[in-house]
Amino acid sequence: MVSKTRINKVLSKAEERCSAAGSRLTEKRKKILEIMVSSDVPLSPYEVVDQYNEVADSKMPANSAYRILDFLVSENLAHKLASAQKYIACSHIACDHTHNVPQFLICGKCQKVQEVGIQTKLMKQLKDNVESTGYSMTSQQLEIQCLCPDCQ
Ligand SMILES: [Zn+2]
Ligand SMILES: [Zn+2]
Ligand SMILES: [Zn+2]
């Protein structure tokens, strides 16, 4: 469980970051982000919209949830896990340091995800390795199948 204090801190920081970037964290966007931040596991757009509609006064259609998730991803407040087709809140919203290329450790048993920054040096090695085969990398985001400490 994520504490209420942490959620509030993350949400107000997200609001600050949006207005600094010239965008706006509307009530709906904020509510969706709150759902994401409160979740230990990545959520599909349908899971997000279900949770939203459970508590909201007016129901949100799935395509609106998709648009909001895309917004959160473009603002670096959430990440899309390509392998799972699910979304997860960025774990560095309330941080002041620069955001590295994210790498995700995904537990295959409980689905918990840990976001870790990858070293630039390592990323370059990987890129060189890929390019030596003639392929070019289209995504810098690494998603690694793991077992978390609790599930080992
Ligand atoms: Zn992140
Ligand atoms: Zn951080
Ligand atoms: Zn686990």
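See above for the structure.
Note on numbering: residues in each chain are counted from 1, in written sequence order. Labels follow written order: the first chain is A, the first ligand is 1, and so on. Restriction of local features to residues with pLDDT of at least 70 applies here, the model being predicted, together with a cutoff of 80 or more for giving and counting side-chain atom pairs; totals for whole chains, interfaces and linings are based on all residues.

Re the overall build of the chain
Step number 1: Numbered from the N terminus, helices here are DSSP runs of H or I no shorter than four residues, and strands are runs of E no shorter than two. Check the secondary structure of the chain and you find 5 helices and 5 strands.
Step number 2: For the chain, the α and β elements follow one another from N to C terminus as α-α-α-α-β-β-β-β-α-β.
Step number 3: Computed over C-alpha atoms, the radius of gyration of the chain comes to 17 Å, within 12% of the 15 Å expected from 2.2 N^0.38 for 152 residues, which places it in the range of a compact globule.
Step number 4: Principal-axis analysis of the C-alpha atoms gives the chain an extent of 55 × 40 × 30 Å.
Step number 5: Within the chain, buried positions represent 22% of all 152 residues.
Step number 6: Considering only contacts within the chain whose residues lie at least 6 apart along the sequence, 56% involve residues at least 24 apart. Between the two quantities, the radius of gyration covers C-alpha atoms and the globule rule is 2.2 Å times the number of residues to the power 0.38. Working definition of burial: number of other C-beta atoms within 10 Å of the residue's own, with buried at 20 or more, exposed at 12 or fewer, and partly exposed in between, all C-beta atoms being placed from the backbone. Any residue pair is listed as a contact if its two C-beta atoms, each placed from the backbone, are within 7 Å.

Things to note about the packing of helix α3 (residues 45-55) against helix α4 (residues 62-74)
Step number 1: Between α3 and α4, the least distance of the axes is 9 Å, while the angle of their chain directions is 110°. With respect to α4, the element α3 is oriented roughly perpendicular. Where α3 abuts α4, its residues Pro-45, Tyr-46, Val-48, Val-49 and Tyr-52 lie against Ala-62, Ala-65, Tyr-66 and Leu-69. Helix axes use the C-alpha atoms of the stretch in contact, all axes being lines fitted to C-alpha atoms, and the angles between their N-to-C directions lie in the range 0 to 180 degrees. Angle categories are assigned with fixed cut-offs, so that under 35 degrees is roughly parallel, over 145 is roughly antiparallel, 65 to 115 is roughly perpendicular, and the rest are oblique.

Observations regarding α3
Three or four residues apart is the spacing at which side chains of an α-helix point the same way, because the helix has 3.6 residues per turn.
Step number 1: By the burial criterion, the buried members of α3 are Pro-45, Val-48 and Val-49. Summarising the axial view, the buried residues of α3 lie within an arc of 95°, below the 170-degree limit, and thus occupy one face. In α3, the exposed positions that point more than 90 degrees away from the buried face belong to Tyr-46, Glu-54 and Val-55.
Step number 2: Those residues of α3 that are buried lie in contact with α2 (27-38) and α4. Read the arc as the range of directions from the helix axis to the C-beta atoms.

Considering the sheet that holds strand β3 (residues 102-107)
Step number 1: DSSP bridges decide pairing: two strands pair if at least two such bridges lie between them. Strands sit in the order β4-β3-β5 across an open sheet of 3 strands; the sheet is mixed. Where the open sheet ends on each side, the last strands, each with one partner, are β4 (113-117) and β5 (142-146). Direction aside, neighbouring strands of the sheet carry axes that sit 25° apart on average.
Step number 2: Sheet topology places β3 next to β5; 5 bridges connect them, and they run parallel. Of the residues in β5, the one forming a bridge with Phe-104 is Glu-143.

Digging into the nonpolar core
Step number 1: Linking buried Ala, Val, Leu, Ile, Met, Phe, Trp, Tyr and Cys residues through C-beta atoms within 7 Å yields a set, and such a set is a nonpolar core. Counting 27 residues, the largest nonpolar core has Ile-32, Leu-33, Met-36, Leu-72, Leu-77, Ala-78 and Ala-89 as its most contacted members.
Step number 2: If you list the elements that add at least two residues to this core, you get α1 (4-20), α2, α3, α4, β2 (86-89) and β3.
Step number 3: Each domain's extent was defined by an automatic or database domain assignment. Inspection of this core shows a minimum of three residues originating in each of domain 1 (4-89) and domain 2 (102-146).
Step number 4: Residue contacts for Leu-33: discarding those within four places in its chain leaves Leu-11, Ala-14, Leu-72, Leu-77 and Ala-89.

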